[in-house]
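Architecture and fold: a report
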Amino acid sequence: MSHQTNMYKNLNLHALGHSLPFDQACALAGQHGFAGVDLDLGFLRRMAEAQSLEAVREWFAQIGLRAGAFGLSARWHADHDDGTFEQSLAQLADDARIAAALGCSRCVTWVMPGSDALDFRQHWALAAARLRRVAAILAEHGVRLGLEFVGPLTFRARFKYDFVHTLDGARALAVAAGANVGLLVDSFHWHTAHGSLRDLSTLSADEVIYVHVNDAVAGRTPDEQIDGEREMVGSTGVINIHGFLGALRRIGYDGPVTVEPFNQAVRAKSVEDAVRFTGESLDRVLSALG
C-alpha cells in the first residue's frame, strides 16, 4: 500500500454475503491483513450488558483493528411512518454511544433512489428533515454520517418518482442534513450513475465518510448493470478502480475501503476463503496505486 495514503483495508462480512459472530469476524480480519472492521453493534451491546462497556472497549483495543463504521439503525426512509422513525431514534443514541466508546466516528446509510408515493420535492423535504434529526444525535457522540447514493437505472426504473441517485444529488442532501453529514462513495454506484473522475476530484476529504469498492459485470453498459450483480474489485476492469481510488487519495481521503461485491461466487466460498480472496484482491488494487 502506498505511503501517500492512509486509506485502510476494512472488512464487512455481510457485504461479502457471509456472517460470523463479531469476535470470529475480527479474528479473520486480522489473520488476512485487514486494518479495520465494521462494528456489529448487536454483539457489542450484548457483550457490554454481560460485562461492561469499558470491558468491551478494552477487548476491542487489544484486537488491534480500527473501527470502520456502523450501519444506521434509524428508520428514516420514506416507507416508514413518523411513529416508527421517532421510536428508532432511542436505539440510534445507544448505537452512537457504544460506537464512540470503541473509537468509531463513522455511520453509514443509503438513499432510496425513488418512491411510488412521494414526488421529488416531498421526498426531499421528508429525507432532509429526518436526516437532520439523525445527524444531530450522531453529532453528540462525535459521529459523522455517510449517505450512499444508489446509481443503477435498472433499480430506479421501478419507481413512479425519481429521487437522489448521483454524487451531486447526495452531496446536496448531505449539506441539507447537517455539518457532520457527507458521502459513502461506492465505485459501482459511481459507475452506474455515469460519474467521472472530475466529480470525485471536486470533493473535499471531509465530505467522504466511507468508500465501497467492487467491479461491474463485463458486457453490460452502465445503464444495464444490476444492483445485486457485481464482481470482485479489480476483476473485470469495467470500473476504473485505479482512477477512482487515485482521485480519492488525491483529495486526502484517509478512511476505510470496504469491498462490497454482491457476488454469487464470493457467497459460495467458505467464509475464510471469501475473506482471503477479498483481502488479496483489495491488496492488488491498493498496491497498484503506489
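The residue count restarts for each chain, going from 1 along the sequence in the order it is written. Thresholds applied to this predicted model are a pLDDT of at least 70 for local features of residues and 80 or more for the giving and counting of side-chain atom pairs; totals over whole chains, interfaces and linings are not thresholded and use all residues. Excluded from the side-chain calculations are hydrogens and water; all other atoms, namely the structure's heavy atoms, are used.

1. Some details on the overall build of the protein
Looking only at helices and strands, the protein has twelve helices and eleven strands in total. Only the C-alpha atoms count toward the radius of gyration. The rule for a globule is 2.2 Å times the residue count to the power 0.38. Against the compact-globule benchmark of 19 Å for 290 residues, the protein has a radius of gyration of 18 Å, which places it among compact chains. Projected onto the principal axes, the alpha-carbon positions of the protein cover approximately 50 × 45 × 35 Å. Contacts are assigned to residue pairs that have any heavy atoms within 4.5 Å of one another. For the protein, long-range pairs separated by at least 24 residues make up 81% of all intrachain contacts whose partners lie at least 6 apart in sequence. Secondary structure follows DSSP: runs of H or I at least 4 residues long count as helices, runs of E at least 2 residues long count as strands, and numbering of each begins at the N terminus.

2. So, the packing of helix α2 (residues 41-50) against helix α4 (residues 82-101)
In this analysis, axes come from line fits to C-alpha atoms, helices being fitted only over the stretch in contact, and the angle between any two N-to-C directions falls in the range 0 to 180 degrees. The geometry of α2 relative to α4 is characterised by a closest axis approach of 11 Å and an angle of 80° between their N-to-C directions. In terms of axis orientation, α2 runs roughly perpendicular to α4. For the pair α2 and α4, the contacting residues are Leu41, Leu44 and Arg45 in the first and Gln91, Asp94, Asp95, Ile98 and Ala99 in the second. Polarity classes work like this: nonpolar for Ala, Val, Leu, Ile, Met, Phe, Trp, Tyr, Cys and Pro, charged for Asp, Glu, Lys and Arg, and polar for all others, with Gly in that last group. Of the residues belonging to the contact of α2 with α4, the class tally is four nonpolar, one polar and three charged. Each angle is binned into one of four classes, with values under 35 degrees roughly parallel, values over 145 roughly antiparallel, values of 65 to 115 roughly perpendicular, and all other values oblique.

3. A look at the pairing of strand β10 (residues 208-213)
Burial here depends on accessible area, computed with a 1.4 Å probe over protein chains only, as a share of the maximum for the residue type. Under 20% is buried, over 50% is exposed, and the range in between is partly exposed. Burial analysis of β10 places six of its six residues in the buried class, the great majority of the element. The rule for pairing is simple: two strands pair if DSSP sees at least two bridges between them. The pairing of strand β9 (residues 181-186) with β10 spans four bridges and is parallel. Bridge pairing in β10 places Leu184 opposite Tyr210. Bridge count for β10 against strand β11 (residues 256-259) is three bridges, and the pairing is parallel. When the sheet's bridge partners are listed, Val211 is paired in β11 with Val257.

4. Observations concerning the packing of aromatic side chains
Any Phe, Tyr or Trp ring, taking Trp's six-membered ring, that has another such ring centre within 6.5 Å forms a pair; planes under 30 degrees apart are called stacked, those over 60 apart edge-to-face, and the others tilted. According to the stated counting rule, one finds ten aromatic pairs in the structure shown. Geometrically, the ring pair formed by Phe43 and Trp59 is tilted, given 6.2 Å between the ring centres and 35° between the ring planes. You can see Phe43 sitting in helix α2 and its partner Trp59 sitting in helix α3 (residues 53-63), a full 16 residues away along the chain. Look at Phe43 and you get buried, because its relative accessible area is 17%. Taking 6.1 Å as the distance between ring centres and 55° as the angle between the ring planes, the aromatic pair formed by Phe155 and Phe159 counts as tilted.

5. Brief notes about the pairing of strand β5 (residues 106-110)
Taking burial as the measure, the five residues of β5 include four buried ones, the bulk of the element. With two bridges connecting them, strand β4 (residues 70-71) and β5 associate as parallel partners. Residue pairing for β5: Gly71 is matched across the bridge by Val108. Sheet topology places β5 next to strand β7 (residues 144-148); five bridges connect them, and they run parallel. By the bridge assignment, Arg106 is partnered in β7 with Arg144.

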